[in-house]
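In case you want the letters, here they are:
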There are 2 protein chains.
Amino acid sequence: MKYISEIVKADKSAINAAKARQMILAKPPGSLGKLEDISVKMAGITGSVINDIGQGCVLVFAADHGVTEEGIASAPKSVTLSQSINMTQSKTGMSSLAHYYGERVRVYDVGIDADYECEAIINKKIRYGTANIAKEPAMTKDECIRAIFAGIEAAESACRDGVEIIGIGEMGIGNTTASAAVLSLITGVSAEDVTGRGGGLTDEAYKRKIEVVKRVVGLHKPFCNDITDILTRAGGLEIASMCGAYLACAKMRVPAVVDGFISAVAALCAVKLCENVRDFIFMSHLSDEKGYKVASDELGLKAFLDLSMRLGEGSGCVIAFSVIRAACAVMRDMATFSQAGINEEYLDEIRKMER
Amino acid sequence: MKYISEIVKADKSAINAAKARQMILAKPPGSLGKLEDISVKMAGITGSVINDIGQGCVLVFAADHGVTEEGIASAPKSVTLSQSINMTQSKTGMSSLAHYYGERVRVYDVGIDADYECEAIINKKIRYGTANIAKEPAMTKDECIRAIFAGIEAAESACRDGVEIIGIGEMGIGNTTASAAVLSLITGVSAEDVTGRGGGLTDEAYKRKIEVVKRVVGLHKPFCNDITDILTRAGGLEIASMCGAYLACAKMRVPAVVDGFISAVAALCAVKLCENVRDFIFMSHLSDEKGYKVASDELGLKAFLDLSMRLGEGSGCVIAFSVIRAACAVMRDMATFSQAGINEEYLDEIRKMER
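Notes on the structure follow. (Residues numbered from 1 in each chain as written. Chains lettered and ligands numbered in written order. Predicted model: local features only at pLDDT ≥ 70, side-chain atom pairs only at ≥ 80, totals over all residues. Heavy atoms only, no water.)

### Some details on the sheet that holds strand β2 (residues 104–111) of chain B
Backbone-to-backbone hydrogen bonds pair the strands of a sheet. The strands run either parallel or antiparallel.
All names here are of chain B.
Here's step 1: Read across the open sheet, the 6 strands follow the order β3-β2-β1-β4-β5-β6; overall the sheet is parallel. A strand with exactly one partner marks an edge of an open sheet, and here the two such strands are β3 (122–123) and β6 (281–282).
Here's step 2: Of the pairings in the sheet, the one linking β2 to β3 comprises 2 bridges and is parallel in character. Looking across to β3, one finds that Y108 is bridged to I122. (Pairing = 2+ DSSP bridges. Helix = DSSP H or I, 4+ residues; strand = E, 2+ residues; numbered from the N terminus.)

### Quick word on the interface of chain B and chain A
Here's step 1: Contacts between the two partners involve 65 residues from chain B, matched on the other side by 65 residues from chain A.
Here's step 2: Across the pair K34 of chain B and D306 of chain A runs a salt bridge whose closest N-O atoms are separated by 3.7 Å.
Here's step 3: Our count for the chain B to chain A interface comes out at 21 residue pairs in polar contact (both at pLDDT 80 or more).
Here's step 4: Those elements giving two or more residues to the side of chain B that touches chain A turn out to be α3 (33–46), α4 (78–87), α5 (93–101), α14 (315–333) and α15 (344–352) of chain B. (Contact = heavy atoms within 4.5 Å. Salt bridge = Lys/Arg side-chain N within 4 Å of Asp/Glu carboxyl O. Polar contact = N/O pair within 3.5 Å; in protein donor to acceptor, adjacent residues only side chain to side chain.)

### Digging into the pairing of strand β4 (residues 165–171) of chain A
Residues and elements named next belong to chain A.
Here's step 1: A large share of β4 lies buried, amounting to 7 of its 7 residues.
Here's step 2: Neither face of β4 is open: one carries I165, G167, G169 and M171, the other I166, I168 and E170, and all of them are buried.
Here's step 3: Relative to β4, strand β1 (residues 56–63) is paired through 7 bridges, and the arrangement is parallel. Each bridged residue has a counterpart across the sheet, and for V58 the counterpart in β4 is G167.
Here's step 4: As defined by bridge partners, β4 adjoins strand β5 (residues 256–258) across 3 bridges and the pair is classed as parallel. Across the sheet, residue I166 finds its bridge partner in β5, namely A256. (Buried < 20%, exposed > 50% of the residue type's maximum accessible area, 1.4 Å probe, protein only.)

### A short note on the pattern of salt bridges
Here's step 1: Inspection of the entire model under this criterion finds 46 salt bridges over all chains.
Here's step 2: Close ionic contact of D203 of chain B with R197 of chain B constitutes a salt bridge, the shortest N to O distance being 2.8 Å.
Here's step 3: The class for D203 of chain B is partly exposed, based on a relative accessible area of 38%.
Here's step 4: Accessibility expressed as a relative area gives 23% for R197 of chain B, which makes it partly exposed.
Here's step 5: Through salt bridges with shared partners, one network takes in K2, E6 and K251 of chain A.

### Let's talk about the sheet that holds β5 of chain A
Residues and elements named next belong to chain A.
Here's step 1: Spatial ordering of the open sheet is given by β3-β2-β1-β4-β5-β6, a layout of 6 strands whose pairing is parallel. At either margin of the open sheet sits one strand with a lone partner, and together these are β3 (122–123) and β6 (281–282).
Here's step 2: As paired strands, β5 and β6 are joined by 2 bridges and run parallel to one another. Residue pairing for β6: V257 is matched across the bridge by F282.
Here's step 3: Running at roughly 165 degrees to β4, helix α14 (residues 315–333) makes contact with β1, β4, β5 and β6 of the sheet. (Axes fitted to C-alpha atoms, helices over the stretch in contact; angles between N-to-C directions.)

### Let's talk about the environment of D52 of chain B
Residue and element names in this part refer to chain B.
Here's step 1: Within the secondary structure, D52 sits in the loop between α3 and β1 (56–63).
Here's step 2: Relative accessible area serves as the criterion here: at 57%, D52 is assigned to the exposed category.
Here's step 3: Expressed as a C-alpha distance, the spacing of D52 and M42, which sit 10 residues apart in the sequence, is 9.9 Å.
Here's step 4: Contact partners of D52, with chain neighbours within four places excluded, come to E164 and R332.

Next up, the structure:
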């Protein structure tokens, strides 16, 4: 994709300047931990040491999954549509959080398997859900590329409307199964180790889900040469769109925030398409869904919230926005040692410090 | 203390009603993890299922430590005063965060070893720093009780002024040494396992610090029969005040938020004085300071932020306020299954779920 070649790395000189400033802020160096790292990463993203992040937005991509006919989800397919509608009314977990924090939510239908009346959902439907990936490819290559570009356009549109930080969320009953298969195909990690209980499954259904993921991986592996192959054959329409949204955030130099398992797998797809995207991605919370850690380890990025959440939707992103903003506030507002009137003796000690 | 006998447990019926409401909110049960637990705990604290937490305040107790003469701190004693002043001007890590989030900060001098001009610091000085605990008791029993009551009065005063959530912070060069000794005396855990690098120490100074903590514990152990003995002999004026502030929060039925290591040790002192206090305490972040985990395990409470911070001051509390408020917003604003238009079929599935 030509789009990918236009994504450049974070601004190294801004990163160095930000690190230098963190060293002279009046605190033991490193004592603000990940808040320091976040502020430094933000500098690399925007090119400025001092950042004041404006409006945030969670982009939710919604789509259905044919694989639900294998009995791998705790909720019926109809919940994809009903919760997508509820999200536009601040009634769900993520959207009630977004409303509380004053962040925007935009819900995109890229593949809900139903017709309905809801003007608040942005209609970019590629097709009515994926095919059953346990039996055939999820979609065609052309549909996959169109889904990726639906995500790109969603993120670019948000940026044009003044959004300065973007959370990447989803709604799609069955999508932890597709995400597990995608993750296994990317990393080679076994179905057992990437498959979790999703919304909540009985032991019996969980065993079945692992078997289904195994079957999906076995069926498509011989035909997967790259990320778009994997997304086309074992992915989902919303997962492809989320991947596109990450690419666009990197291109537009806006921070992109990962939510839980599905969001992390989509982020990994984007990073595998273009290494530079990693510089623009923040993790948010350590999801309770098995496989999350496989994805985050492969991304090489660490969460900073530990809330034992496994809801999805983008729920972790909203809380993370607040922490990222706070990290920027510290960088901007804290006094330096000289402004704080702390004497040279201490500065000498600091220079001697081994960590 | 008569004060302690007046602290009663959380409201069990409000907790049960809150748990019942969480079960009918439109999400897989438990999928919002600790956000659910937080909202339930809040119900027990206030007696209401629905909570909307108003003004927050970080109470900072500042005092000096005679044990600094043993060379166990990376910063000179003078930093206690200079940072206390800086905190009143939103220049430090915690206070710049508080300013950003719109939370109040009140700084109490309960034992700074200096005279100075700064009206913004509330003067409740008990004495000019503790004695060197490696050689003699930190203070007298009477001073310890007065320090505890200074903390009680600070928290009660904040509540009278309309504060609805309180963070318990500190400033005191040398206080990780005193806290480590207190923690070891309470739990019996070895000096090696409770002593961290504090603000940041060279390997050599760190070894010295462990030896000092060992010496402190050995010197005072034979004379420590209860928590006030431990605080009197091995504690600090600010640690005693923090302990008092936790007691008062529980008495006033206001949530008290723990910051890092020192704050956790003070919380443990309060809980050991009165078990019921635990019901009113929230942890915030998993501090990087060694020993924090010993204290939080003993408290039986878990942090929900993982920021690798080890600054102290109350810096973790401010971010935690925001997460606790968000948890309450979810409880208040999310739709129930019936409001969300999710059908009975799914509810049946949920009833079958095994976790």
